[in-house]
Amino acid sequence: LFARPCSGIPPGGFIHEYRGEVISQAEAEKRGRVYDRRQMSYLFNLPCDEQCIDATYKASKMKFSNHAAKGRGANCESRNMRVRGDVRVAMFAMGDALTSLPAPEYEVAILPG
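Conventions used here
Residues numbered from 1 in each chain as written. Predicted model: local features only at pLDDT ≥ 70, side-chain atom pairs only at ≥ 80, totals over all residues. Heavy atoms only, no water. Salt bridge = Lys/Arg side-chain N within 4 Å of Asp/Glu carboxyl O. Helix = DSSP H or I, 4+ residues; strand = E, 2+ residues; numbered from the N terminus. Buried < 20%, exposed > 50% of the residue type's maximum accessible area, 1.4 Å probe, protein only. Polar contact = N/O pair within 3.5 Å; in protein donor to acceptor, adjacent residues only side chain to side chain. Contact = heavy atoms within 4.5 Å.

### A short note on the pattern of salt bridges
Then, number 1: Using the criterion set out here, one finds seven salt bridges in the structure.
Then, number 2: Between arginine 31 and aspartate 54 there is a salt bridge, with its nearest N and O atoms 2.8 Å apart. Separated by 23 residues along the polypeptide, arginine 31 in helix 1 (residues 25-38) and aspartate 54 in strand 4 (residues 51-54) bring together distant segments of the chain.
Then, number 3: For aspartate 54, a relative accessible area of 2% puts it in the buried group.
Then, number 4: We note a salt bridge from glutamate 77 to arginine 79, for which the minimum N-O separation is 2.9 Å.

### Section: the side chain of aspartate 54
Then, number 1: One polar contact links aspartate 54 to tyrosine 35, side chain to side chain, over a distance of 2.6 Å.
Then, number 2: Not counting residues within four places of it along the chain, the set of residues in contact with aspartate 54 comprises Gly20, Glu21, Ile23, Arg31, Tyr35, Tyr42 and Leu43.

Below, the structure is given as structure tokens:
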């Protein structure tokens, strides 16, 4: 699923960028209702800007990662950054959990900022 094998991602290592269409929170709420009826959603909230990334149609492979509930043992974390004025979300490995899990089992911890 990802460009690098799971065993090749060290703790703190870059995995991939979460990409998609950047939309307003209001638009995300509207689309979210439709996606809920379809039982699918690739919305990623951006707490810093009241915006959201919708990876439903325009996306990277990270749209297939699962989010982890608090305390559920996430093995990835997101880091929001600005690149030439645009909000970008990079995913990084946490701890050594990625050395033994296949790619479809990556889970993401969404960190503020």
